[in-house]
Amino acid sequence: MNENKDNLKQKTGMMLKLEQKQKQKLLLDNSNSELDINKLIENPYQPRLEMDEEKLLELATSIEEQGLIQPIPIARYNAGKANEENILIAGHRRLAACKLNGYEKVKVNIRDDISKQQLAAMALIENIQREDLDVVEVAMQYAKLLEEGIFTSNRELAKAIGINESTVSRTLNVNKLPQFIINDVKSNRTTKDVIVLNAISKIKNDEQAIEIYNWFITTNVSREELTNKIKSLNTVKDKITELYTIKRGKKDTTIKLPILNDEQYKKVEDFIKNIINE
C-alpha cells in the first residue's frame, strides 16, 4: 500500500514537472511567435499623436536590412475564440515600418495576462521612457485615461505609472494653456518643463500667458524668476482694483476714482461717453 502511495506521489510529481515544462514551452513559443500583420490591433491608448515620416522611413530601411530584432509586444484577449484580439502594448512605429516594407507577418511577444488598465499604463510608460512623447501628448493622454474611466483618479494613474500625484496634476494643467502655447510646445518642443507650463497655466489672461511664455523660451531665466514675474502680474492687478470702486444701484451706477490729472480725466470722460452712446 505504501508502495502504491509512493508510486502515486512519483507520478504526480512527474506530471507537475511535465505541466510546468509545457507552460514554459508555451511561454517561449509566445515570445517567438509570428502573427499575420493584419490581425494586430493598434493600442487604443497609444499616446503618440504623430510620427516623423523621415525617421519612420529610416526605421523601415533598418528593419528591411537587419530584420525585426525586437519582437512587438502584444496583449492577447479571448484567445482561440471568434472575438480574439491581439492589441499592441508598444511598437507602434515598428509595426508601421513593417507595413511600409510590405510584411505579411511579424514577430511578436504575446502576453495573456494584461488587463486593459495595465495595457494603457504600459503604453504610456514605454513611450515616456523612450522620451518619444512631448509634454502635450502626455497631458492629453492623462486626460483621456481619466475621462474614459481607465483610471478613476490622479492618484490611481500616478501609482500605475510610478510617478508623484502632483506631477500628474501639473501635467494635466498643460491642457488649460492657450492653444497658441499648446501648438508651439507640440510643434517645436520648446520646453518639457511641466512646472513652468503649470505656472503659466495659472494666468487667466491668454495674452499675458502667451507673453510670459515667449519671454521664458527666448531668455535664459530660471523657474524662480518666472514664478516671481507671474506673481508680480497678480500683484499689479490687485493694486489696480484697489484704486477704484464701482457700485450699481437701482437708479444709477456710482464710480469712485482717485484724483485724476486733466489728461486722465478727459480719457475717462470720453470712455464713458462711448459706452453710453453705444
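Located above this text is the structure these notes cover.
Each value, and the rule that gives it
- Residues numbered from 1 in each chain as written.
- Predicted model: local features only at pLDDT ≥ 70, side-chain atom pairs only at ≥ 80, totals over all residues.
- Heavy atoms only, no water.
- Patch = residues over 30% accessible without salt bridge, like charges linked within 9 Å, V, L, I, M, F, W, Y side chains within 5 Å.
- Areas by Shrake-Rupley, 256 points an atom, 1.4 Å probe, with all protein chains shown as cover.
- Salt bridge = Lys/Arg side-chain N within 4 Å of Asp/Glu carboxyl O.
- Lys, Arg positive; Asp, Glu negative; His and termini not counted.
- Charge placed at Lys NZ, Arg CZ, Asp CG, Glu CD.
- Helix = DSSP H or I, 4+ residues; strand = E, 2+ residues; numbered from the N terminus.
- Buried < 20%, exposed > 50% of the residue type's maximum accessible area, 1.4 Å probe, protein only.
- Axes fitted to C-alpha atoms, helices over the stretch in contact; angles between N-to-C directions.
- Parallel < 35°, antiparallel > 145°, perpendicular 65-115°, else oblique.
- Left-handed = near helix turned anticlockwise from the far one by under 90°.
- Contact = heavy atoms within 4.5 Å.
- Pairing = 2+ DSSP bridges.
- Arc of directions from axis to C-beta.

Undergrad: So what's going on with a negative patch on the surface? Residues and values would help.
TA: A surface patch of negative charge is lined by D52, E53, E54 and E58. Structurally, E58 is set in helix α2 (residues 53-66). Since its relative accessible area comes to 49%, E58 is described here as partly exposed.

Undergrad: Can you break down the pattern of salt bridges residue by residue, with the values?
TA: Scanning the entire structure with this criterion turns up six salt bridges. Measuring nitrogen to oxygen at the nearest pair gives 3.7 Å for the salt bridge that ties E84 to R76. The class for E84 is partly exposed, based on a relative accessible area of 29%. Two residues, R223 and D193, come together in a salt bridge whose shortest N-O distance is 2.9 Å. Of this pair, R223 sits in helix α11 (residues 223-242) while D193 is found in the loop between α8 (179-188) and α9 (194-201), placing the two residues 30 residues apart along the sequence.

Undergrad: Just give me the short version of the packing of helix α6 (residues 154-161) against helix α7 (residues 165-172), but keep the residues and values in it.
TA: Between two packed helices, what matters for the description is the angle formed by their axes and the separation of those axes. Interhelical geometry of α6 versus α7 gives an angle of 115° and a closest axis separation of 8 Å. Comparing their axes, α7 and α6 come out roughly perpendicular. Of the two possible hands of crossing, α6 and α7 adopt the one that is right-handed. Across the interface between the two elements, N154, R155, L157 and A158 of α6 pack against E165, V168, S169 and L172 of α7.

Undergrad: Before we move on, could you go through a nonpolar patch on the surface and cite the residues and values that matter?
TA: A surface patch of nonpolar side chains, amounting to about 700 Å² of accessible area, comprises I246, I255, L257, F271, I272, I275 and I276. No other element matches helix α12 (residues 262-277), which puts four residues into the nonpolar patch.

Undergrad: Explain the sheet that holds strand β4 (residues 85-88) to me, using residue names and the numbers behind them.
TA: If you trace the five strands from one edge of the open sheet to the other, you get β1-β5-β3-β4-β2, paired in mixed fashion. Each of the sheet's edge strands pairs with one partner strand only, and the pair in question is β1 (33-36) and β2 (40-41). Note: strand β3 (residues 72-77) against β4, four bridges, orientation antiparallel. By the bridge assignment for β4, R76 is matched with N86. On the sheet, helix α3 (residues 92-100) packs against β2, β3, β4 and β5 (105-111) and is oriented at approximately 100° with respect to β3.

Undergrad: Give a detailed account of α6, specifying residues and quantitative values.
TA: Within the span of α6, buried status applies to L157, A158 and I161. Projected onto a plane normal to the axis of α6, the buried residues spread over an arc of 100° and lie on a single side. α6 presents R155 and K159 as exposed residues on the side facing more than 90 degrees away from its buried surface. Backbone geometry just downstream of α6 places G162 in the positive-phi region, at approximately 75°.

Undergrad: Give me the lowdown on the environment of A60, citing residues and values where you can.
TA: Position of A60 relative to the elements: it lies in helix α2. The class of A60 is buried, set by a relative accessible area of 4%. C-alpha separation for the pair A60 and C98, spaced 38 residues apart in sequence, amounts to 6.4 Å.

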